[in-house]
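Single-letter residue listing:
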Amino acid sequence: MVYLDNNATTPLDPRVCEVMSQFLRNHFGNPSSLYPIGRDVKEMITAARETIAEAIGAKRSEIVFTGSGTESDNFAIRGVMDALPEKPELITSAVEHPALIETANYLEKMGKKVTFVPVDECGTINVEFLEKAISSKTAIVSIMHANNELGTIQPIADVVRIAKMKDILVHTDAVQSFGKIDFNVTDLGVDLLSISAHKVYGPKGVGAIYIRKGTPIQPLIYGGHQERLMRAGTENTAGIVGFGEAVRIMMTDSKKDKKHIARLANRLKTGIEERIPKTKFNGPETNRIQGTLNFSFYGLEAEAILLALATKDIYVSTGSACSEESEEVSHVLSAIGLKPEVARSTVRMSLGRFNSETDVDTVLTELPEIVRKLREISGLDIDDYA
Ligand code: PLP
């Protein structure tokens, strides 16, 4: 199998799997229980929290575990808007993940004012537009750190500089940048930041949010005293322990991983550009998470390419995995100005820790032939798409 959809999810690292299996075999205690089998689990959750805090330069008390990156995004903006009813305005971007866009749409329906900042042809936000959109009624600005479809890295330093001049809170969705770009919350200057375990070779169904000490925020979920009253519900103990292990591995391996992924991605990108005519690379050449490659293959339906590759055991995505079940064209590809027919011909390949040179060779052998054959069958004049 050649798995090139690491932005959708990453395989569980065997070392994480081992730690989680051990945990599940030996620890069933509830971390809220006061006797030893509960306290032991609580200590393991604390250790995971410490590791994650260290990885992003936060304090342990500033990390809250959630059920996903999606929940962290919801919590960040709904929690802050609930805490600041006197500030009913939210600013975000046109290329956010649905976890953010749909939450913003919901808030709009509930009477809040939402501004979506447009992007350029590489997917980078228009900072001047953002600056003009800010008002004394703005509660929070939420701009993602790196885009999941294009890999575009957003100018968070500029966002923070502009927002902080007016004392406005900043959230960033770092689900795709965590482990791929070196950052810490102090240098970034954000007040809230979302991450998710399954994008960093950890388990699915566990995320975390960094909330800078003193940030006004209301919980999304009420109930017990877990997570210092910020997220009620008995913890996903094995998931959290697995997340901690995944981040521990990330901290030791990330330099090596980044180099490895960048080398493979560059070979794949150049190989596709050399071997397949009438393709368009989407996103910036440099200011990008290196392992994300987004290509339009003029004249074709991405789904046909995806299915043809799948018959060869090669797995890629059309645009974004999250929009795969919908007929609509990706909002990100629309936002960068791709015509609908070009957007529909777009395939995303995202590389990860476990990809190899052989994987790249396989794709470079199979993909040009698949594209050639599909174009032959379609009989379309691809010059129309250029
Ligand atoms: N934000 C971004 C940028 C993502 O890419 C994703 C997942 O694709 C999410 C949020 C959602 O994370 P989760 O799958 O943990 O809910």
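Cut-offs used in this document
- All residue numbers refer to position in the chain's written sequence, counted from 1.
- Given that this is a predicted model, residues contribute local features only at a pLDDT of at least 70 and side-chain atom pairs are listed and counted only at 80 or more, while totals for whole chains, interfaces and linings are drawn from all residues.
- Calculation of side-chain values draws on the structure's entire complement of heavy atoms; hydrogens and water are dropped beforehand.
- We define proximity as follows: a residue is near a molecule or strand when any one of its heavy atoms falls within 4 Å of that partner.
- Per-residue and other accessible areas follow the Shrake-Rupley method at a 1.4 Å probe size, with only the shown protein chains counted as cover for residues.
- Think of it this way: any DSSP run of H or I at least four residues long counts as a helix, any run of E at least two long counts as a strand, and we number them from the N terminus.
- Under this grouping Gly is polar, as are all residues other than the nonpolar Ala, Val, Leu, Ile, Met, Phe, Trp, Tyr, Cys and Pro and the charged Asp, Glu, Lys and Arg.
- Just so you know, the domain bounds were taken from an automatic or database domain assignment.
- A 1.4 Å probe defines the accessible area here, and the buried area is the portion of it lost by two parts on being joined, summed over both.
- For this document, the term salt bridge refers to a Lys or Arg side-chain nitrogen within 4 Å of an Asp or Glu carboxyl oxygen.
- Polar contacts, as used here, are pairs of N or O atoms within 3.5 Å; protein pairs need one atom able to donate a hydrogen and one able to accept it. Residues neighboring in sequence count only if both atoms are side-chain atoms.
- In a helix, the anticipated span is given by 1.5 Å times the number of residues less one.
- Burial classes: relative accessible area under 20% of the type maximum marks a residue as buried, over 50% as exposed, and values in between as partly exposed (1.4 Å probe, protein chains only).
- Each C-beta atom gives one direction from the helix axis, and the arc is the one those directions make.

J.: What exactly am I supposed to notice about the site of the ligand here?
T.: Residues in contact with the ligand amount to 14 residues; listed here are only the nearest, Gly69, Thr70, Asp173, Ser196 and Lys199. Isolated, the ligand exposes 390 Å² of accessible area, and the fraction of that covered by the protein chains is 90%. It is helix α3 (residues 69-83) that contributes the most residues to the shell around the ligand, three residues altogether. Considered class by class, the residues forming the shell around the ligand number three nonpolar, eight polar and three charged.

J.: Where do I start with the domain arrangement of the protein chain in this structure?
T.: When the parts of a complex come together, some accessible area is lost, and that lost area is often taken as the interface size. By domain assignment, the protein chain separates into domain 1 (2-8 + 254-381) and domain 2 (14-249). Computed from C-alpha atoms alone, the centre-to-centre distance between domain 1 and domain 2 is 28 Å. Roughly 2400 Å² of surface becomes buried between domain 1 and domain 2 when both sides are summed, with 54% attributable to carbon and sulfur atoms. Across the contact surface, domain 1 and domain 2 share one salt bridge. Where Asp182 meets Lys258, a salt bridge forms, and the shortest distance between an N and an O atom there is 2.7 Å. Between the two partners, domain 1 and domain 2, sit twelve residue pairs in polar contact (both at pLDDT 80 or more). Counting residues per element, the ones that place at least two in the side of domain 1 that touches domain 2 are α8 (237-275), β10 (292-297) and α10 (331-335). Broken down by element, the residue count for the side of domain 1 that touches domain 2 peaks at four residues, all from α10. Tallied by class, the residues present in the side of domain 1 that touches domain 2 amount to ten nonpolar, 13 polar and four charged.

J.: What is the right way to look at helix α1 (residues 14-26) in this model?
T.: Each full turn of the α-helix corresponds to 3.6 residues, which orients residues three or four apart in the same direction. Taking 1.5 Å of rise per residue, the 13 residues of α1 would be expected to cover 18 Å, and the 18 Å separating its terminal C-alpha atoms lies within 8% of that figure. Along α1, the residues classified as buried are Val16, Met20 and Phe23. All buried residues of α1 lie within an arc of 60 degrees about the axis, which places them on one face of the element. Facing away from the buried side of α1 by more than 90 degrees, the exposed set consists of Pro14, Arg25 and Asn26. The residue sitting at the N-terminus of α1 and contributing the capping side-chain oxygen is Asp13; that oxygen lies 2.8 Å from the backbone nitrogen of Arg15.

J.: Any chance you could explain the pattern of salt bridges here in plain terms?
T.: When their charged atoms lie close together, side chains carrying opposite charge are able to pair. Under the criterion given, the structure shown has 22 salt bridges. Its salt-bridge partner being Arg212, residue Asp191 comes within 3.5 Å of it at the nearest N-O pair. Taken together, the residues span a long stretch of sequence, with Asp191 in the loop between α7 (185-188) and β7 (192-196) and Arg212 in the loop between β8 (207-211) and α8 at a distance of 21 residues. Its relative accessible area of 6% is what places Asp191 among the buried residues. What makes Arg212 partly exposed here is its relative accessible area of 26%.

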